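Observations on chain architecture
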Amino acid sequence: GTHIESPSTMFGTVLNYVALRLVGVDAKTLECEKGREFMRQHGGALYAPSWAKFWLAVLGVYEWKGIAPVPPEMWLLPSWFPLHPGRFWCHCRMVYLPMCWLYARRFTYKAADDPVTSALRCELFPDQTYAQIDWRRHVHSVAAIDNYSPIHPFMRWLQEALLVYERFGPWKWLRKISSDFALEYINSEDLETNFLTIGPVSKALHLLVSWVEAGGDAKASESRSFQAHVQRVPAYLWVAEDGMKVQGYNGSMAWDTSFAMQAAVDSDLVSEFKDMSKKAWSWLVKEQVRSLPYGDWKHWRQAIQGGWGFSTAEQAWPVSDTTAEAFKAVLLLRKQSCMKGESGQMPDQHLFDTVRFLLSYQNGDGGWATYENNRGWSWYELMNPSEVFGAIMIDYSYVECSSSAMQALMLFTEQFPQHRAGEIARAVQRGARFIEAMQRNDGSWYGCWGNCFTYGCWFGIEGLLCAGRPRSCAAIQKCVKFLLGKQNADGGWGEDFSSCFDREYAARDKLYGCDSGSTVVQTSWALLALMAAKCEDSDAIQRGISLLWRRQLPTGDWPQENIAGVFNRSVGITYTSFRNVFPLWALGHFAKEYGPRNGCK
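Heads up: these notes are all about the structure in this document. (Residues numbered from 1 in each chain as written. Predicted model: local features only at pLDDT ≥ 70, side-chain atom pairs only at ≥ 80, totals over all residues. Heavy atoms only, no water.)

**Topic: the overall build of the chain**
Which entries qualify depends on this criterion: The secondary structure listing takes helices from DSSP runs of H or I that are at least 4 residues long and strands from runs of E that are at least 2 residues long, numbered from the N terminus. Accessible area is worked out with a 1.4 Å probe on protein chains only. A residue is then buried under 20% of its type maximum, exposed over 50%, and partly exposed in between. Any two residues whose heavy atoms approach within 4.5 Å are treated as being in contact. In short, Shrake-Rupley with a 1.4 Å probe defines the accessible areas, and a residue's cover is counted only from the protein chains shown. Working convention for charge: Lys and Arg count positive, Asp and Glu count negative, and His plus the chain ends are omitted. Note that the charge is assigned to NZ on lysines, CZ on arginines, CG on aspartates and CD on glutamates.
Per the secondary structure count, the chain includes 21 helices and four strands. Overall size of the chain, expressed as C-alpha extent along the three principal axes, is 75 × 50 × 45 Å. Here the chain holds 601 residues, and 59% of them are scored as buried. The contacts of the chain with a sequence gap of at least 6 include a subset with a gap of at least 24, amounting to 74%. Of the accessible surface of the chain, which amounts to about 24700 Å², a share of 56% is contributed by carbon and sulfur atoms. One finds the centroid of the 60 positive side-chain charges in the chain at a distance of 3 Å from the centroid of its 62 negative side-chain charges.

**Comments concerning the side chain of Ser 320**
If you trace the backbone, Ser 320 turns up in helix α12 (residues 320–333). Judged by its relative accessible area of 0%, Ser 320 falls in the buried class. What Ser 320 contacts, discounting residues up to four positions off in sequence, is Phe 357, Leu 358, Tyr 361, Trp 368, Ala 369, Thr 370 and Cys 401.

**Remarks on the packing of helix α10 (residues 253–266) against α12**
In plain terms, the rule: Angles run from 0 to 180 degrees between N-to-C directions of axes, and those axes are lines fitted to C-alpha atoms, restricted for helices to the stretch in contact. By definition, turning the near helix anticlockwise from the far helix through less than a right angle yields a left-handed crossing, and turning it clockwise yields a right-handed one. Residues are grouped as follows: Ala, Val, Leu, Ile, Met, Phe, Trp, Tyr, Cys and Pro are nonpolar; Asp, Glu, Lys and Arg are charged; every other residue, Gly included, is polar.
Packing of α10 against α12 brings their axes to within 9 Å, and their N-to-C directions diverge by 35°. Like other packed secondary-structure pairs, α10 and α12 cross with a definite hand, here left-handed. The segment α10 lies against α12, with Ala 254, Trp 255, Ser 258, Phe 259, Met 261, Gln 262 and Val 265 engaging Asp 321, Thr 322, Glu 325, Ala 326, Lys 328, Ala 329, Leu 332 and Leu 333. Class assignment for the residues of the contact of α10 with α12 results in nine nonpolar, three polar and three charged.

**Comments concerning the pattern of salt bridges**
The condition is simple: Salt bridge, as applied in this entry: a Lys or Arg side-chain nitrogen positioned within 4 Å of an Asp or Glu carboxyl oxygen.
The full count for this structure, using the stated rule, is 27 salt bridges. For Asp 268, the salt bridge goes to Lys 592, with nearest N and O atoms at 3.5 Å. Of this pair, Asp 268 sits in the loop between α10 and α11 (274–286) while Lys 592 is found in helix α21 (residues 578–597), placing the two residues 324 residues apart along the sequence. Under the relative-accessibility criterion, Lys 592 is labelled partly exposed at 33%. Put simply, Glu 287 and Lys 286 hold a salt bridge, and the shortest N to O gap is 2.5 Å. Residue classification places Glu 287 among the buried residues on the basis of a relative accessible area of 8%. When its relative accessible area of 53% is taken as the criterion, Lys 286 is described as exposed. Here the salt bridges share partners, and the residues they tie into one network are Glu 73, Arg 106, Glu 166 and Arg 175.

**Notes on the packing of aromatic side chains**
Under the convention used in this document: Think of it this way: a Phe, Tyr or Trp ring, Trp meaning its six-membered ring, pairs with another when their centres are within 6.5 Å, and the plane angle makes it stacked under 30 degrees, edge-to-face over 60, tilted otherwise. Charge-over-ring contacts are defined here by two conditions on Lys NZ or Arg CZ: a distance within 6 Å of the ring centre and an angle within 35 degrees of the ring normal.
Inspection of every chain in the model, using the stated rule, returns 56 aromatic pairs. Aromatic side chains Trp 379 and Tyr 380 sit 4.9 Å apart centroid to centroid with 75° between the ring planes, which places their arrangement in the edge-to-face category. Here a set of aromatic residues connected by ring pairs shows up, and it is made of Tyr 249, Trp 255, Phe 259, Phe 310, Tyr 455, Trp 458, Phe 459, Trp 525, Tyr 575, Phe 578, Phe 582 and Trp 585. Between the NZ or CZ atom of Arg 106 and the centre of the ring of Tyr 103, over which it lies, the distance is 3.9 Å. Taking the ring centre of Trp 317 as reference, the NZ or CZ of Arg 301 above it sits at 3.6 Å.

**Some remarks on the side chain of Ser 202**
As for its placement among the helices and strands, Ser 202 is situated in helix α8 (residues 200–213). On the basis of relative accessibility, which here comes to 2%, the residue Ser 202 falls in the buried class.

**Here we look at the pairing of strand β1 (residues 237–240)**
Inclusion rule: Here the rule is simple: two strands pair whenever DSSP picks up at least two bridges between them.
Here β1 shows one buried face, formed by Trp 238 and Ala 240, and one open face, formed by Leu 237 and Val 239. Taking the residues that link successive antiparallel strands as the turn, the β1-strand β2 (residues 243–246) hairpin has two residues.

**Regarding helix α19 (residues 520–532)**
For clarity, the threshold we go by: Given a helix with a known number of residues, its expected span is that number minus one, times 1.5 Å.
Counted at 1.5 Å a residue, the expected span for α19 with its 13 residues is 18 Å, and the 18 Å between its end C-alpha atoms agrees. Note on α19: the residue one or two positions beyond its end, Lys 534, has a positive phi of about 55°.

**Here's the deal with the packing of helix α15 (residues 421–438) against helix α16 (residues 453–466)**
Where α15 contacts α16, the axes come no closer than 9 Å and their chain directions differ by 145°. As for how α15 packs across α16, the hand of that crossing is left-handed. Contact residues: Val 428, Ala 432, Ile 435 and Glu 436 in α15; Gly 460, Gly 463, Leu 464 and Cys 466 in α16. Its residues assigned to classes, the contact of α15 with α16 shows five nonpolar, two polar and one charged.

**Description of unusual backbone geometry**
Look at the link from Gly 169 to Pro 170: it is a cis peptide, with omega at -15°. Tracing the backbone shows Pro 170 in the loop between α6 (153–168) and α7 (172–192). In this model, Asn 451 is joined to Cys 452 through a cis peptide bond whose omega is -10°. Structurally, the position occupied by Cys 452 is in the loop between α15 and α16. If you check the backbone angles, Trp 300 has positive phi at about 65° while not being a glycine. Considering the arrangement of structural elements, one finds Trp 300 in the loop between α11 and α12. When its relative accessible area of 18% is taken as the criterion, Trp 300 is described as buried.

Structure below.
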């Protein structure tokens, strides 16, 4: 599958099978035999999704004639043109950027000269002869189990038209100009992100581009660009309890640190752990993004000064919710008595820069997107070329991003009431209306970046509260009722990852990594939401708190349970810090605020 809780897919099976063979695993091992049988049941690699086919073509075990076109000429369209790729969501365009350069080159490893890849030409296509496969007929072939976001008829028509263009063209001069532009763009992204790029998919493609561009041979491995990319590969690798994984970024340090310090402040732990708090403060100050080497708007990069990225400043792709959560942590810490003398590390102007960043990232619908303002329209999804990911074409507004931004701006206003107060107040009210509009009929909010409804509900309630909505308002009370209705018999809350995939609350008798249908992270999110709403059912809160107490290990740690994060509805993200940060936060808030107020023991 795509991740440890994913059902088996052709995407995961084909690529993992190839990876095993490339690192020396014999085709006769039980694992490889089972993999081939699974592929055979689903039509072989001809029915892998398009991204898998692209990598197979690069490796020389699939022919380019069976690949949907990715022409670099699209980058030469006028910037005002509605279909210009600069209008697409950054993760989408930054994957198809190196793809288009490689596609234009039709780079292919000499598979026939290598015994392993030569064997793969047989193993991946059972009951078929590689030389006789009609590749053109399988451009759109994909197994049903992978077809989460089917290619729309409009996109299929467009791809067919481009196949005709590729057959009778393209014009050499136009392809050269567009390919050169794409390569310059790729090289700029390398330098701006210190060879990290925006994520692991683009990272792997950029690594390959650097090698191919340097000649694609043994000497190419000595090129400066290729070596720079190789040196940054370890930044993506992470060894977890269940094996090595590739991270979604070069870590989640800013994200994790921001939540951890907010939990520490809310639990009155800062004065007890002064050194830790000061180190975290200094680190967050240092990791604020200040500038791009080529300036704003080069290659459609929105102004980023004042933001925080998901990981570190060197990656240079700040995100609205990470910025907001880091800003909240900074603002909360600077008020702590033990932090006196530390605030000078961060001039007020840097705080003002963050305000400008957050205000500029608000969309026309009142919500906040992730990396950039929305530059397109929802009908762009008709052109989604990826079968395995949903809603990837534009940067939508999200409840979580909006709530985080609103909370951060209101916290800033408390400390700097004279700075852009009117703009902030109007932005927050627009954000509140967006959050209200996104609430589902059952009272819940869908979590787009966390698993899943418990996460969305926490942000939904906090966002409305910071905008001044009373706890008695219909939206908050509907959400409270929803959460109370999902509490399990053991006192906790829990959702299977299919909640994200199917967009419906998925309770289970037993969840991955758990002995019941409740997890400590999702229980903590539900508790934080309910306590923020001052839920009158204190018995429900106490039962949830009791589950957190029972699950804590003798070491003080909590066990790693199911996947807590999600990307594009179908890719799971394991946040190992969440298992400690959020239970601590929920327990701390209960002990400090909710418990004493409600007479809880």
